[in-house]
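Overview (structure and organization)
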Amino acid sequence: ARKHKIPIDTVTFDFECLPKEGDYSTKPEDGAYINGMFVEGARWDYTQAVLAESKPKVLYSEAPMMWLQPCRLQDIKTFSHYLCPVYRTPERRGTLATTGHSTNFVIDLRIPSDKPQSHWIRRGVAFLLSLAQ
């Protein structure tokens, strides 16, 4: 907001799932790359670049590298997506902080999907930062 002289209450994050191959050694001009997350209840399909059904007997899979891009609310890209919660641990519960938010919940990510939101909600799909309890 400060860099582009935009009011802070009009700024949000847009998300982009990045391909597996690519040079991400230099930081982006705006935003940040994040990696090391896991997907529970589904998997990331790199060939189709969408969320896909998990493989049999696989509980967790590697999440794609993400690019968090700050942007204005009105500039968010529109695409078919699942609003995926990110949790610190697989427990998916935490104590409520004074802000009214769970201490385990981090953020909702917009993950590209060719299926409706309800499909992934029924499967309990979430991104996790750690597999440790």
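Summary of the structure given here. Keep in mind that this is a model prediction, so the values were computed, not measured.

1. A look at a nonpolar patch on the surface
Residues L59, Y60 and L131 make up a contiguous nonpolar surface patch of about 280 Å² in total accessible area. Summarising the element assignment, L131 is placed in the segment after β10 (126-128).

2. Comments concerning the pattern of salt bridges
In the structure shown here, the tally under the stated rule is five salt bridges. R110 is paired through a salt bridge with D14; the nearest N and O atoms lie 2.8 Å apart. Highlighted residues: R110 in strand β9 (residues 105-112) and D14 in strand β1 (residues 11-17), separated in sequence by 96 residues. Across the salt bridge formed by D75 and R72, the nearest N and O atoms sit 3.9 Å from each other. Judged by relative accessible area, which is 46%, D75 ranks as partly exposed. Its relative accessible area of 37% is what places R72 among the partly exposed residues.

3. Description of unusual backbone geometry
One non-glycine residue, A49, adopts positive backbone phi at about 60 degrees. Summarising the element assignment, A49 is placed in the loop between β4 (43-45) and β5 (50-52). We note that K57 has phi near 65 degrees; this positive angle belongs to a residue other than glycine. Structurally, K57 is set in the loop between β5 and β6 (60-62).

4. Observations regarding the sheet that holds strand β2 (residues 32-34)
Backbone hydrogen bonds are what pair the strands of a sheet, in a parallel or an antiparallel way. Strand order in the open sheet formed by three strands is β1-β7-β2, and the pairing between neighbours is antiparallel. Two strands bound the open sheet, and with one partner strand each, they are β1 and β2. Between one strand and the next, the sheet's axes are offset by a mean angle of 35 degrees, whatever the strand orientation. Sheet topology places β1 next to strand β7 (residues 66-72); seven bridges connect them, and they run antiparallel. Looking at the pairing, D14 lines up with Q69 of β7.

5. Quick look at the sheet that holds β6
Across the sheet, five strands lie side by side as β6-β3-β10-β8-β9; this open sheet has mixed pairing. Only two strands of the sheet have a single neighbouring strand rather than two, namely β6 and β9. Recorded for the sheet is a direction-independent mean angle of 35 degrees between the axes of neighbouring strands. Judged from the three bridges that link them, strand β3 (residues 38-40) and β10 form a sheet pairing that is antiparallel. Opposite F38, over in β10, you have L128 as the bridge partner.

About the criteria used
- Residues numbered from 1 in each chain as written.
- Predicted model: local features only at pLDDT ≥ 70, side-chain atom pairs only at ≥ 80, totals over all residues.
- Heavy atoms only, no water.
- Patch = residues over 30% accessible without salt bridge, like charges linked within 9 Å, V, L, I, M, F, W, Y side chains within 5 Å.
- Areas by Shrake-Rupley, 256 points an atom, 1.4 Å probe, with all protein chains shown as cover.
- Salt bridge = Lys/Arg side-chain N within 4 Å of Asp/Glu carboxyl O.
- Helix = DSSP H or I, 4+ residues; strand = E, 2+ residues; numbered from the N terminus.
- Buried < 20%, exposed > 50% of the residue type's maximum accessible area, 1.4 Å probe, protein only.
- Pairing = 2+ DSSP bridges.
- Axes fitted to C-alpha atoms, helices over the stretch in contact; angles between N-to-C directions.

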